[in-house]
Amino acid sequence: MAEKMDIDTSNGESKEEEKTGGPVAPAEMSTEKIISTNFALINQAVDSFDPRFTLRALRSIATLRKREDFAQALGAGIRQAFPKESNNARRVLEEMLPESVRQQQNGSAETNGKKDEVEVVEIAEVWAYLGVLVQVYLLDTASHQAGATFSLNLVSKLRSFNRRTMDPLSSKAYLYLSLFHENLAPLPPSPQSPVLTLRPTLLAALRSAVIRNDSDTQAAVTVLLLRNYISTADITQADLLVAQTQFPASAANNQVCRYLYYLGRIRAIQLAYTEAHSNLEAATRKSPTTGAAVGFYQQATKMLIVVELLMGDIPERATFRLPVLEKALAPYFKLVQAVRVGDLGGFVKCVEGNEGRFRGDGTYTLILRLRQNVIKTGVRMLSLSYSRISLRDICTRLSVESEESAEYITAKAIRDGVIPDSSLDHEKGDLLTHSGRDVYGSTEPSEAFHERIGALLGMRDECVRAMRYPGNRNREAGIEAMKARERERELVGEVLEAEDEEDEEMGGGMDGL
Amino acid sequence: MAEHELYHIIHQLEKPHNLQQAPQLLSKAKLGLLHIQALVPSSDTTPQHLHIATSVLEHGALLSIRLKDTEAFTRYYQQLQPFYSLPHDRWQRDKRPSNQSKVTGLYLLLLLSVGDYAGFHTVLEGLEMSSGKKQIEKDELIQYPVRLEQALMEGSYDKVWGETKGERVPSAEFAVFSEVLINTIRSEIASCSERAYPSLPISNAKNLLFLDSEGAVIQFAQARGWVAKEGRIYFPQQEAEALAAEKDVMSSSNTVIENTLGYARKLETIV
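Residues numbered from 1 in each chain as written. Chains lettered and ligands numbered in written order. Predicted model: local features only at pLDDT ≥ 70, side-chain atom pairs only at ≥ 80, totals over all residues. Heavy atoms only, no water.

A. Expanded view of the overall build of chain A. Summing up its helical and strand segments, chain A has 29 helices and three strands in all. Evaluated residue by residue, chain A yields a buried proportion of 47% over its 513 residues. In chain A, of all internal contacts separated by at least 6 residues, the share reaching a separation of at least 24 is 67%. Here chain A displays about 26200 Å² of accessible surface, and carbon together with sulfur accounts for 53% of that area. (Helix = DSSP H or I, 4+ residues; strand = E, 2+ residues; numbered from the N terminus. Buried < 20%, exposed > 50% of the residue type's maximum accessible area, 1.4 Å probe, protein only. Contact = heavy atoms within 4.5 Å. Areas by Shrake-Rupley, 256 points an atom, 1.4 Å probe, with all protein chains shown as cover.)

B. Summary view of the sheet that holds strand 1 (residues 199-201) of chain B. Residues and elements named next belong to chain B. What the three strands build is an open sheet, ordered 1-3-2; its pairing is antiparallel. One side of each edge strand has no neighbouring strand; the edge strands of this open sheet are strand 1 and strand 2 (227-229). In this sheet, adjacent strand axes meet at a mean angle of 25 degrees when their direction is disregarded. (Pairing = 2+ DSSP bridges. Axes fitted to C-alpha atoms, helices over the stretch in contact; angles between N-to-C directions.)

C. Looking closely at the interface of chain A and chain B. Facing the 40 residues of chain A at the interface are 42 residues of chain B. Interface area, chain A with chain B, both sides summed: about 3800 Å², of which 59% is carbon and sulfur. Two residues, A:Arg415 and B:Glu188, come together in a salt bridge whose shortest N-O distance is 2.9 Å. Along the contact surface separating chain A from chain B lie 10 residue pairs in polar contact (both at pLDDT 80 or more). Here the side of chain A that touches chain B gets nine residues from one element, more than from any other, and that element is helix 27 (residues 403-415) of chain A. (Buried area = accessible area lost by both parts, 1.4 Å probe. Salt bridge = Lys/Arg side-chain N within 4 Å of Asp/Glu carboxyl O. Polar contact = N/O pair within 3.5 Å; in protein donor to acceptor, adjacent residues only side chain to side chain.)

D. Summary view of empty space enclosed by the protein. Residues and elements named next belong to chain A. Enumeration according to the criterion identifies eight cavities of 30 Å³ or more in this entry. Taken as a whole, the largest cavity encloses approximately 120 Å³ of empty space. If you trace the largest cavity, you find 15 residues lining it, with Leu158, Ser170, Arg212, Asp214 and Thr217 closest to the centre. Taken together, the residues of the lining of the largest cavity break down into six nonpolar, three polar and six charged. (1 Å grid on protein atoms, 1.4 Å probe; cavity = no way out; pocket = protein on both sides within 12 Å on 5 of 7 lines; lining within 4 Å. Points joined across faces, edges and corners; volume = space filled by probe spheres on them. Nonpolar A, V, L, I, M, F, W, Y, C, P; charged D, E, K, R; others polar.)

E. Structural detail: the packing of helix 17 (residues 253-269) of chain A against helix 19 (residues 294-311) of chain A. All names here are of chain A. For the pair helix 17 and helix 19, interaxial distance at closest approach is 11 Å and the crossing angle is 30 degrees. In terms of orientation, helix 17 lies roughly parallel with respect to helix 19. Between helix 17 and helix 19 lies a crossing whose hand is left-handed. Contact residues: Cys257, Arg258, Tyr261, Arg265 and Ala268 in helix 17; Phe296, Gln299, Ala300, Met303 and Val307 in helix 19. For the contact of helix 17 with helix 19, the residue count by class is seven nonpolar, one polar and two charged. (Parallel < 35°, antiparallel > 145°, perpendicular 65-115°, else oblique. Left-handed = near helix turned anticlockwise from the far one by under 90°.)

F. Up close: the sheet that holds strand 3 (residues 430-433) of chain A. Residues and elements named next belong to chain A. Reading across the sheet, the three strands line up as 1-3-2 and stay open at both edges, with antiparallel pairing between neighbours. This sheet does not close on itself; its edge strands, each paired only once, are strand 1 (388-390) and strand 2 (422-425). Pairwise comparison of adjacent strand axes, ignoring direction, gives a mean angle of 20 degrees for this sheet. Across three bridges, strand 1 lies against strand 3 in antiparallel orientation. The partner of Ile389 across the bridge, within strand 3, is Leu431. Packed onto the sheet, helix 27 meets strand 2 and strand 3 and runs at close to 150 degrees relative to strand 2.

G. Representation of the side chain of B:Ser191. Secondary-structure assignment places B:Ser191 in helix 10 (residues 172-196). Within the structure, B:Ser191 has its side chain in polar contact with the side chain of A:Arg415 (distance 2.6 Å). Only 2.9 Å separates the side chain of B:Ser191 from the backbone oxygen of B:Glu188, close enough to count as a polar contact.

H. Structural view of the pairing of strand 3 of chain A. Residue and element names in this part refer to chain A. Sheet topology places strand 2 next to strand 3; four bridges connect them, and they run antiparallel. Looking at strand 3, one finds that Asp425 is bridged to Asp430. Between strand 2 and strand 3, which pair antiparallel in sequence order, lie four residues; one of them, Gly429, sits at a positive phi of approximately 70 degrees.

I. Up close: a negative patch on the surface. Residues A:Glu486, A:Glu490, A:Glu494, A:Glu497, A:Glu499 and A:Asp500 make up a contiguous surface patch of negative charge. Relative to the elements of secondary structure, A:Glu490 occurs in helix 29 (residues 471-512). (Patch = residues over 30% accessible without salt bridge, like charges linked within 9 Å, V, L, I, M, F, W, Y side chains within 5 Å. Lys, Arg positive; Asp, Glu negative; His and termini not counted. Charge placed at Lys NZ, Arg CZ, Asp CG, Glu CD.)

J. Structural view of the packing of aromatic side chains. One pass over the structure, following the stated rule, counts eight aromatic pairs over all chains. Measuring from ring centre to ring centre gives 5.9 Å for A:Tyr408 and B:Tyr157, while their planes differ by 80 degrees; the resulting arrangement is edge-to-face. Taken together, the positions of A:Tyr408 in helix 27 and B:Tyr157 in helix 9 (residues 157-164) put the pair across two chains. By the burial criterion, A:Tyr408 is buried, and B:Tyr157 matches it. By way of ring pairs, the aromatic residues A:Tyr261, A:Tyr262 and A:Phe296 are connected into one cluster. (Phe/Tyr/Trp six-rings, centres within 6.5 Å; stacked < 30°, edge-to-face > 60°.)

The following block contains the structure:
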């Protein structure tokens, strides 16, 4: 399970690149050039206090890590940012890179004319950015232990900086910190896994993020904590965390997606299926469906399907035909078929056959609960098809052991509302169905419509709130609007004066009479 | 010295007759554990102390079940949790506490009997994660509550009846819960029968509800407000429901009006 999640999150951060279909230029630039452009972007971000530049710089991580000369470019970048070799910050970063990269000496090393102290203060964000790049490099070379220790140092240093421009960078740093710890032996869900030692660190980070109003880090750390708790099945702790904290409303979309997904999982385990369903549905709707982040969409859809089955609804067949989902959802398709028909034998076979895959997805325990759903669906099918059917036949159709069991099961089904308008005839041992229930005569359609309307109106409100106006254009439009209003006022004033003059004339005329 | 005392107390607890004195013995034992600082396991607790502590707490748990003190049992279970989550190498000679599955199984059964299915599944998830499925399947003491839960959810109450009766119960402590469970399923069956059958002959009701005599059936029927006439039981609930359904139409017009006004308001805001 940790592996699958790994793919999710490492693809998740490339979602940011997906979002605006990243600028074409970096693909053609050399790796070193990209890193220096990012330095410029980060400086701009610090100067203008606008996080969008930092985000753009972070987006290029996905392209950078695929380049073969990543390590060399990284070394060159470090040398460019900190020309003095004795600089402590530079040494910390360089320690993590292999020897070959460190030895390369460019002829012109002294490009920057800045002083030492000025360097450290002004481009602390650059140092943080390089730190994140080093983390990425260590993760890609699977040096997890080194990565874990380096990340802990990086994170504690970042916490000491109380700078808002650092926020996107520190949230990334925490993400990689968490990923390193998940890969250290013993792997979760063992109770001795190092992820447990990480919890106090993450909780402290959450506290400081909330105090400093740092919504990026707050969102990222909350999601990481939930992931941590779920990986060791500490569901009660995860539930308490959700109850005690607030997820920031201004968080980025991909963090919101992840949060909804983990929340849905917790609710599903706690048997609160309706809530889980709404959470997971929102997660699937908000997640990107193409590109490198498809893994998350697949995972969320799998959970959604299982929760829908547990609620008693059958998911639509069209979901299984989407090209991105077809292969991933193949075993789930068979599962849905078995549940739909009420075929208990087929269900058991499907579960046993795909046990490994279901365990990997973390849905195995939920699927085991589906057994009673299969039976309920079977009973429902039978009551719809027959107006009168003997209990013995029900017994054979549902593969239930005894007639008594069948009787109890049908009685319970009637009580639970699975087959309304039915009754049992005990002497003859039959199930009777009284048909003639007109759905349109009841309030069901209007309730369904009401739900849908509510959801759509809510979505519209969210869209309106999320709209952003770029500063300059607005100012110009505002100025023009103001000018237009002034002109109108003048016109109105003139008209009123003209009326007054007329009145005076009229009045004078009257007097004259 | 303290250990010596503790061994003595454990020995006494294991004798079956001391049920009444058990609570005092247990509090003495817990004090002793505090003296040797073994009540909560830390990194420097010796394996010997771990063994003593777990056996004291487990005895406490099992005895509180026999005394039907569910609060005390839950407390002992919580206290045992940190011990159970310790890794294998802390226990020397590969001797894990022997009663772990029993105590866990009893806790699961307790959750079932109060109807806390969410808690039941949460604990089960935690177990699957830590021990793996193979071990759980082989473990009869844990499979018992799992089977019961499955049967309860399905609604095959005769299976539940069969499990709680006699030989299939894994051990004496589980039998304590049998009574509670049987009462639960009896009320479940009763509410199902109210909806499902228009009427029932009393002899059939006797079999359905697992009651011993027709007198007991009539008593039960009266307690639930059913009408017993001419050897048959009539369930009155459905007529009341039919009336309620009719009223629905009137009250639903209120909801319709409210909803429509809401739509109108929201639509106005759309420019």
